[in-house]
Amino acid sequence: METNILGFFIGGLFGAGLFLAGLADPDKIVGTLRLKDLHAMKTIAVFIIAGMAGVWFLEAAGVVHLGVKPAHIVSGLVGGAVLGIGFGITGYCPGTGLACAAAGRIDALVTVLGMFVGALAYILIYPYVLEPLDAIGNYGKVTLMDVTGIGRGVFVLVIVLSVTGILWFSSRKKPA
Amino acid sequence: MAGKTVRRSLLVWWAGGLFLGLVQIFAIGLKKPLGVSTQFVVLDTIAIKQVASEYVESHPVISKSKYQKLGYGFWLDVGIVAGAFLAAVLSGRFKIRFSSCWWEAKYGNAIGRRMLAGFFGGFLILLGSRIGHGCTSGQFMSGWAQLSLSAIPFTVALFGFGMLTAYLVYRGSKPEIEK
């Protein structure tokens, strides 16, 4: 019960954040995919590096609840591509589709309905198509630290500093 | 045909990114990384179970108990809907809409086509998310936050195909964008 309340609370913050940050906006997503409006790209970059730095601190503090997914290379490529096509057509993904439908977008509501049918298709084809696909190039639940032997802190510092540098310089030259 | 102007987002990029990053940190500190798409499979599974419970029990994925009950992840998705609704209403930006500016600037008021494309897109979005073991949240955002190897092939394909598709669908569309 408590865990459900926690889920609702974190989801509430996430949904509000997606809306306020402009990620729950198909125009901002398509603008970024067309490289004409980089707001969403920059927002996503900050979202990622903040989360990455946060995981490092939480791990050091011993209060981290990780959920590393198995690296199925082929499933990852195929799944990313199929999601990418839907993402490029609509400007929605599962989280922002829900958030946009809640903000009054009827087309997003229709996309959410399509998602339930997509989930059904996944269930139906899994035993025949996806189970064999998952077996190809499965490296298990590994991180970049496991693969390279380099510590998390090094990765986090290099990525956070370089992304911050790029964002800083790309945002500085435009006065308005 | 000129569409409507793409409005500026309520938060500037660094503030919006930090807000969402903090939500991710809360989630990982208290429970687990953010993820959205699994619950679509959960709701479908619960529905299928009403009519074909033997099918569910013999399935390699949805026979697992986490696909048959509504828990933390389900309430997280309900929270997303509630949080976005509240943010939209309180900011005065709740609005019934049938299309997007980028779509209208290219296809005009072709609402029927937008709905059809939206439904088909939604189908691909969830199918692809589950094939890839996660969506833009669970595999891309949370994958990179944890530095998972799984995030790399997924990210390359997601943005490669996302940009290619957006080029094909929205090529020549030039909506006004508020700076």
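Notes on the structure follow. The structure presented is a predicted model; accordingly, all values stated were derived computationally and were not measured.

Moving on: the interface of chain B and chain A. With 117 residues of chain B in contact, the opposing surface of chain A contributes 115 residues. With both chains or domains summed, chain B and chain A bury close to 10300 Å², and 76% of this area falls on carbon and sulfur atoms. At the surface where chain B touches chain A, the tally comes to one salt bridge. Salt-bridge contacts for Asp-107 of chain A lead to Arg-114 of chain B; the nearest nitrogen and oxygen are separated by 2.8 Å. Examining the composition of the side of chain B that touches chain A, we find that 17 residues originate from one element, helix H6 (residues 111-131) of chain B, more than from any other. Counted by class, the side of chain B that touches chain A contains 73 nonpolar, 32 polar and twelve charged residues.

Our next topic: helix H8 (residues 151-170) of chain B. Helix length check: H8 of chain B, at 20 residues, gives a terminal C-alpha distance of 27 Å against a target of 28 Å (1.5 Å per residue), a fit within 8%. Turning to H8 of chain B, its buried residues number three or more, namely Ala-151, Pro-153, Phe-154, Thr-155, Ala-157, Leu-158, Gly-162, Thr-165, Ala-166, Val-169 and Tyr-170 of chain B. On its buried face, H8 of chain B is in contact with helix H2 (26-33) and helix H4 (73-90) of chain A together with helix H5 (101-107), H6 and helix H7 (136-146) of chain B.

All right, on to the pattern of salt bridges then. Residue and element names in this part refer to chain B. As enumerated under the stated definition, the model contains six salt bridges over all chains in all. The shortest N-O distance in the salt bridge between Lys-4 and Glu-104 comes to 3.1 Å. With Lys-4 in the segment before helix H1 (13-30) and Glu-104 in helix H5, this pair connects stretches of sequence that are 100 residues apart.

Residues and elements named next belong to chain A. Examined against the element boundaries, Leu-161 turns out to sit in helix H8 (residues 152-172). Given a relative accessible area of 60%, Leu-161 falls into the exposed group. When the C-alpha positions of Leu-161 and Val-82 are compared, they lie 32 Å apart, and in sequence the two are 79 residues distant.

Residue placement: Leu-70 of chain B occurs in the loop between helix H3 (53-58) and helix H4 (72-90). It is 8.2 Å that separates the C-alpha atoms of Leu-70 of chain B and Gln-39 of chain B, two residues lying 31 residues apart in sequence. Each residue touching Leu-70 of chain B, except ones within four places of it in the same chain, is listed here: Asn-4 of chain A together with Val-42, Leu-43 and Ile-46 of chain B.

Before going further, it helps to examine the packing of aromatic side chains. Residue and element names in this part refer to chain B. Throughout the structure, instances matching the rule amount to twelve aromatic pairs over all chains. Ring centres of Phe-140 and Phe-159 lie 5.1 Å apart, and the angle between their planes is 55°; on these two criteria the pair is classed as tilted. With a gap of 19 residues between them, Phe-140 in helix H7 and Phe-159 in helix H8 connect regions that are remote in the sequence. Pairwise contacts between aromatic rings join Trp-102, Trp-103, Tyr-107 and Tyr-170 into one cluster. Here Arg-171 stacks its cationic end above the ring of Tyr-167, 5.2 Å away from the centre of that ring.

Mapped onto the fold, Asp-27 of chain A is located in helix H2. Despite its burial, Asp-27 of chain A pairs with no opposite charge, the nearest such side chain being Arg-105 of chain A at 4.7 Å. Here the side chain of Asp-27 of chain A touches Cys-101 of chain B through a polar contact of 2.9 Å, landing on its backbone nitrogen. Reaching out from Asp-27 of chain A, the side chain makes a polar contact with the backbone nitrogen of Trp-102 of chain B at a distance of 2.9 Å.

Residues and elements named next belong to chain B. Residues Phe-85, Leu-86, Val-89, Leu-90, Phe-94, Ile-96, Phe-98 and Ile-111 make up a contiguous nonpolar surface patch of roughly 750 Å² in combined accessible area. Among the structural elements, Phe-94 can be located in the loop between H4 and H5. Judged by its relative accessible area of 34%, Phe-94 is partly exposed.

Basis of the calculations
Residues numbered from 1 in each chain as written. Chains lettered and ligands numbered in written order. Predicted model: local features only at pLDDT ≥ 70, side-chain atom pairs only at ≥ 80, totals over all residues. Heavy atoms only, no water. Contact = heavy atoms within 4.5 Å. Buried area = accessible area lost by both parts, 1.4 Å probe. Salt bridge = Lys/Arg side-chain N within 4 Å of Asp/Glu carboxyl O. Helix = DSSP H or I, 4+ residues; strand = E, 2+ residues; numbered from the N terminus. Nonpolar A, V, L, I, M, F, W, Y, C, P; charged D, E, K, R; others polar. Expected span 1.5 Å × (residues − 1). Buried < 20%, exposed > 50% of the residue type's maximum accessible area, 1.4 Å probe, protein only. Phe/Tyr/Trp six-rings, centres within 6.5 Å; stacked < 30°, edge-to-face > 60°. Lys NZ or Arg CZ within 6 Å of the ring centre and 35° of its normal. Lys, Arg positive; Asp, Glu negative; His and termini not counted. Polar contact = N/O pair within 3.5 Å; in protein donor to acceptor, adjacent residues only side chain to side chain. Patch = residues over 30% accessible without salt bridge, like charges linked within 9 Å, V, L, I, M, F, W, Y side chains within 5 Å. Areas by Shrake-Rupley, 256 points an atom, 1.4 Å probe, with all protein chains shown as cover.

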